[in-house]
Amino acid sequence: PLTYTQGINNAPLVYTLTYKGSRLLNSKGMGRIVTPGKAYKLKNSTLLYREHEKGLNDVRIALTKGAELIGASIETWISDRDFKRPSIRRQIKVHDPKTNQSFAFQPDGFFVLRLKNGELKPFFLEYDNNTTFHKRFRNIKIRGYHLLGEVWRKLKVFEKYKDIPVTYRVLTVTNAGSERTFNFKQHSVEALFTKDSKKEINTRRFYFTQVSLTQPETIYTASIWFIPFKSKTKEDKFAIFEETI
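Overview of the structure. (Residues numbered from 1 in each chain as written. Predicted model: local features only at pLDDT ≥ 70, side-chain atom pairs only at ≥ 80, totals over all residues. Heavy atoms only, no water.)

Inspection of every chain in the model, using the stated rule, returns 11 salt bridges. Salt-bridge contacts for Lys160 lead to Glu75; the nearest nitrogen and oxygen are separated by 3.8 Å. Taken as a pair, Lys160 in the loop between helix 6 (134-148) and strand 8 (169-174) and Glu75 in strand 3 (residues 73-79) lie far apart in primary sequence, 85 residues in all. One salt bridge connects Lys84 with Asp80, and the closest N-O pair in it is separated by 3.7 Å. The class of Asp80 is buried, set by a relative accessible area of 11%. A single network of salt bridges, built from pairs that share partners, joins Glu75, Arg114 and Lys160. (Salt bridge = Lys/Arg side-chain N within 4 Å of Asp/Glu carboxyl O. Helix = DSSP H or I, 4+ residues; strand = E, 2+ residues; numbered from the N terminus. Buried < 20%, exposed > 50% of the residue type's maximum accessible area, 1.4 Å probe, protein only.)

Below, the structure written as structure tokens:
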């Protein structure tokens, strides 16, 4: 059920058989059913996915310990493995009115930060293992998160937070240097919204940084994040919380 191949520009690609496909083959006597949980374990046995999982775990540790340093706590965490569950995967689907098409995508994580004053701040997390094509990330993840902003409170998986007065932010952490991180911000977000008259407002939810900068002491309050259309140069970086919280 797992095929590994080398794609364009030497970018590794991984394909897995879906649960529906597995059941179809099984009905024809062509193999055993591979459950979503088993498929997840198979995928994570590859070096590519192990590195991705390790990167996500490192960022999660920084987010968790960093929250403690500012007197906050992480109230909810939905992992990439949770988002692979069929019951949740079916919910993360958006409709693009410009193309009249619907599509699904899978976040790498979601968490809600409870500040010491009681305020709740929702975040999505994306981890780039330096293998993602800008175009694919732009057309699936960035476009998906933009459209999800209109409906996320109505989804069962986020129902607990439907009354939060603020919307979510998307933190993208790259396993690369400042050059790729800055270019990632340009090619994945700014390229998509370049003709949008409200581009500064519509892209303010997206943040980009390098994994090497994500320490507990820096991840929330240090100027380590690029923000689309606000970060004009590689020196223009901002903090998630610019003011004392």
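This part takes up the nonpolar core. Of all hydrophobic cores here, the largest spans 32 residues; its most connected members are Phe124, Leu148 and Phe158. Contributions of two or more residues to this core are made by strand 6 (109-114), strand 7 (120-128), helix 6, helix 7 (178-193) and strand 9 (206-210). If one sorts the elements of this core by residue count, helix 6 sits on top with five residues. With residues near it in sequence (within four places) discarded, Leu148 still touches Val94, Phe105, Phe124, Leu155 and Tyr168. Core analysis: the second largest hydrophobic core is formed by 25 residues, Ala72, Trp77, Leu113 and Trp225 among them. (Core = buried A, V, L, I, M, F, W, Y, C linked by side-chain atoms within 4.5 Å. Contact = heavy atoms within 4.5 Å.)

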